[in-house]
2 protein chains.
Amino acid sequence: MPLTLTPLSGLPLIRPGDNLADMIVEALEENHITLEENDILVIAQKIVSKAEGRAMNLLHVRPSPRAIELAERTEKDVRLVELILQESREVLRTRPGTIIVEHRLGFVCANAGIDHSNVAGEGTAAEEWVLLLPANPDRSAEEIRHAIKTATGKRAGILIIDSHGRAWRNGTVGVAIGLAGLPGLQDLRGQPDLFGFTLRITQVGVADELAAAASLMMGQAAEGTPVVHVRGFPYPLGAGSLQELLRPREQDLFR
Amino acid sequence: MPLTLTPLSGLPLIRPGDNLADMIVEALEENHITLEENDILVIAQKIVSKAEGRAMNLLHVRPSPRAIELAERTEKDVRLVELILQESREVLRTRPGTIIVEHRLGFVCANAGIDHSNVAGEGTAAEEWVLLLPANPDRSAEEIRHAIKTATGKRAGILIIDSHGRAWRNGTVGVAIGLAGLPGLQDLRGQPDLFGFTLRITQVGVADELAAAASLMMGQAAEGTPVVHVRGFPYPLGAGSLQELLRPREQDLFR
């Protein structure tokens, strides 16, 4: 069975308080897709954050002394740096324009995943607003999954993704930041071990592979197509979480 | 248009000297796929290496003093360590079982991408053989692309992939190690800059995103399905190379 990824067109601009699950169900109908058991819906972090009211107005941010020092060093807006610090557990590296952190959610990313927002408040320019990641993306995914199950009767996997840079490669790729109803990792049998016939197990980051695939289909327009429907995921769906995908600090060789 | 990834079934076991392009064209026919302009064929590194005779018999490897020292420290087969060193420019980190290197091809990966081979020579157990990466995967991709153009009249993109671990996340994901006829990176317009309306450019690692997608569909069986046909890649095809995807050493914060 092939893997098919269909970006959903026609999704309206998302505003705080919007019911994403309902809007996705409508968009599926408009795109003539009948949801089936074990389909997966991949959702860009940005619209989850918007619906959850995670846009922050920089005018209301008071920078700490640490943010002021770090903003000077990185040539970034001091209020943005304050939010980056609030959203992070640890600063790993800095260079002009970029602060690489361990996010409070546990993954390593640039600038705590904080994005500029298109959502302007009344009388306030859009460029004063930034968008934080969802408070708990696994929970967001589970809530959307539950609401879609209620609306359609179908158990779909839900994957919330963002775009991350990599340590040694140019270009961002889509990665999972929240999931419900699909595995993060999958154990595959590898080749026989060098010293005999013990089978090695390889852990594959299947949720990240799917995130990358869907990201490829979200990209082009200003708002893009932030929801992608997936059919043909080659593994059984089931419980999964972001935690599976995070390398424990004590195994981290690059910090 | 959706993105469709179809693993090709029925490809025979690959042996040194095999003409991969011809075998892929046959497999496309057997899978009832008519190649179209701008389709992409994603190929697992393993079968390219096998066809190119990159399987090495460990019995013929003479370890250097450096390999002996490193093998003790990492608890790995000293002959395998010798090959890892020969295939690498620099050792970045080690831990028991793993040597993280900059490969001579320029990317950072574990154990120089050397895999255990299923190809046993006559009278020699399979576990004595290992498989090096192709000598020049971009060139391999270009040769396959040219042969497929000759056989079918169609210009397809060719992407050779391997599975790499990541610095901070569990699980391997597919990444590009050689490409021909498709871009490695794509510039996307980002949001307006924080200080005004200058548009930020985001570079997306589209070849790596596609590699991850195809990797998802290659995985399960012992030999798996090492070729995946792709239709609906959302960017114009054109020249591309591995080099685009490699972060220059002077921009590397994690070495």
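Just so we're clear, the structure is a prediction, and the values are computed from it rather than from any experiment.

(A) Highlighting the overall build of chain A. In terms of regular secondary structure, chain A is built from 6 helices and 13 strands. Residue burial in chain A is summarised as follows: out of 255 residues, 50% are buried. Expressed as a percentage of contacts within chain A between residues at least 6 apart in sequence, the contacts between residues at least 24 apart total 60%.

(B) Spotlight on the pairing of strand β4 (residues 88–95) of chain B. Residues and elements named next belong to chain B. Two strands pair when backbone bridges link them, and β4 and strand β5 (residues 98–103) are joined in this way by 6 bridges, in the antiparallel orientation. Note on β5: the bridge partner recorded for S88 is H103. Between the antiparallel neighbours β4 and β5 lie 2 residues, among them G97 with a positive phi of about 90°.

(C) Local environment of the interface of chain B and chain A. On the side of chain A, 55 residues touch chain B, which itself brings 55 residues to the contact. Every element with two or more residues in the side of chain B that touches chain A is listed here: β1 (3–7), β4, β7 (115–116), β10 (173–180), β11 (186–192), β12 (199–204) and α6 (206–216) of chain B. Considering each element in turn, the side of chain B that touches chain A owes the most residues, 8 residues, to α6 of chain B. Of the residues belonging to the side of chain B that touches chain A, the class tally is 28 nonpolar, 16 polar and 11 charged. Relative to β1 of chain B, strand β1 (residues 3–7) of chain A runs antiparallel, the two being bridged by 3 bridges. Residue pairing for β1 of chain B: L5 of chain A is matched across the bridge by L3 of chain B.

(D) Structural detail: the sheet that holds strand β6 (residues 108–110) of chain A. Residues and elements named next belong to chain A. Reading across the sheet, the 3 strands line up as β4-β5-β6 and stay open at both edges, with antiparallel pairing between neighbours. Two strands lie at the open edges of the sheet, namely β4 (88–95) and β6, each paired on one side alone. Neighbour-to-neighbour, the strand axes of the sheet open up by a mean angle of 25°, direction not taken into account.

(E) Representation of the sheet that holds strand β13 (residues 227–231) of chain B in the model. The strand order β10(A)-β9(A)-β2(A)-β13(A)-β1(A)-β1(B)-β13(B)-β2(B)-β9(B)-β10(B) describes an open sheet built from 10 strands, whose pairing is mixed. Sheet topology places β10 (173–180) of chain A together with β10 of chain B at the edges, where each strand pairs with a single neighbour. Strand after strand, the sheet turns through a mean of 25° between neighbouring axes, direction not considered. Where strand β9 (residues 157–164) of chain B and β10 of chain B come together, 7 bridges link them in antiparallel fashion. Within the sheet, the bridge partner assigned to S163 of chain B lies in β10 of chain B and is G174 of chain B. Sitting on the sheet, helix α5 (residues 137–152) of chain A touches β9 (157–164) and β10 of chain A, and the angle it makes with β10 of chain A is about 65°.

(F) Seen up close, the relation of the copies chain B and chain A. With an RMSD of 0.0 Å, the fit of chain B onto chain A corresponds to turning through 180° and sliding 0.0 Å along the axis. On the angle and the small slide along the axis, the relation comes out as a two-fold axis. By residue overlap, the copies meet face to face through one surface: 100% of the interface positions of chain B are interface positions in chain A.

(G) Quick look at helix α1 (residues 20–30) of chain A. Residue and element names in this part refer to chain A. Every buried residue belonging to α1 is among L20, A21, I24, A27 and L28, and all of these are buried. Take α1 and look down its axis: the buried residues cluster within an arc of 120°, on one side only. Residues of α1 that are exposed and point over 90 degrees away from its buried face: D22 and E30. Of the surrounding secondary structure, the elements contacted by the buried residues of α1 are β2 (40–44), α2 (45–51), α5 and β13 (227–231). Residue H32 follows α1 closely and has a positive phi angle near 55°.

(H) Here's a closer look at unusual backbone geometry. Residues and elements named next belong to chain A. Even without glycine at this site, A112 takes up a positive phi of about 55°. Along the chain, A112 turns up in the loop between β6 and β7 (115–116). For A112, a count of 25 C-beta atoms within 10 Å translates into the label buried.

(I) Quick look at helix α5 (residues 137–152) of chain B. Residue and element names in this part refer to chain B. Taking 1.5 Å per residue as the helical rise, α5 with its 16 residues ought to reach 22 Å, and the 22 Å between its terminal C-alpha atoms agrees with that figure. Within the sequence span of α5, burial applies to P137, D138, S140, A141, I144, R145 and I148. Here the buried residues of α5 occupy an arc of 155° about the axis, which is enough to place them on one side. Within α5, the exposed residues directed more than 90 degrees away from the buried face are R139 and T150. One or two residues past the end of α5 sits G153, with phi positive at roughly 80°.

(J) Quick peek at the domain arrangement of chain A. All names here are of chain A. Looking at chain A, the domain boundaries give domain 1 (4–54 + 133–245) and domain 2 (55–131). Taken together, the contact between domain 1 and domain 2 spans 12 residues of the former and 9 residues of the latter. When contributions to the side of domain 1 that touches domain 2 are tallied by element, the ones reaching two or more residues are α2 and β9. Looking at which element gives the most residues to the side of domain 1 that touches domain 2, the answer is α2, with 3 residues. Across the side of domain 1 that touches domain 2, the residue classes break down as 4 nonpolar, 4 polar and 4 charged.

(K) The arrangement of the nonpolar core in detail. Among the nonpolar cores identified, the biggest contains 150 residues, and L159 and L210 of chain A together with L159 and L210 of chain B are the most heavily contacted of them. Excluding its chain neighbours within four sequence positions, the residues that come into contact with L210 of chain B are L216 of chain A together with I40, V42, L159, V230 and F233 of chain B.

(L) Looking closely at the packing of helix α1 (residues 20–30) of chain B against α5 of chain B. All names here are of chain B. Between α1 and α5, the least distance of the axes is 9 Å, while the angle of their chain directions is 50°. Between α1 and α5, the angle falls in the class oblique. Note that α1 runs across α5; the crossing there is right-handed. Between α1, through L20, A21, D22, I24 and V25, and α5, the contact on the second element is made entirely by I144, A147, I148, A151 and T152.

(M) Quick look at the environment of I43 of chain A. All names here are of chain A. Within the secondary structure layout, I43 lies in strand β2. Remark: the alpha-carbon pair of I43 and A176, spanning 133 residues in sequence, is separated by 9.8 Å. Once residues within four sequence positions are removed from consideration, I43 is found in contact with V48, I158, I160, P226 and V227.

Rules used throughout
Residues numbered from 1 in each chain as written. Chains lettered and ligands numbered in written order. Predicted model: local features only at pLDDT ≥ 70, side-chain atom pairs only at ≥ 80, totals over all residues. Helix = DSSP H or I, 4+ residues; strand = E, 2+ residues; numbered from the N terminus. Buried ≥ 20, exposed ≤ 12 C-beta atoms within 10 Å, placed from the backbone. Contact = placed C-beta atoms within 7 Å. Pairing = 2+ DSSP bridges. Nonpolar A, V, L, I, M, F, W, Y, C, P; charged D, E, K, R; others polar. Axes fitted to C-alpha atoms, helices over the stretch in contact; angles between N-to-C directions. Least-squares fit on C-alpha atoms with pLDDT ≥ 70 in both. Arc of directions from axis to C-beta. Expected span 1.5 Å × (residues − 1). Domains from an automatic or database assignment. Core = buried A, V, L, I, M, F, W, Y, C linked by C-beta atoms within 7 Å. Parallel < 35°, antiparallel > 145°, perpendicular 65-115°, else oblique. Left-handed = near helix turned anticlockwise from the far one by under 90°.

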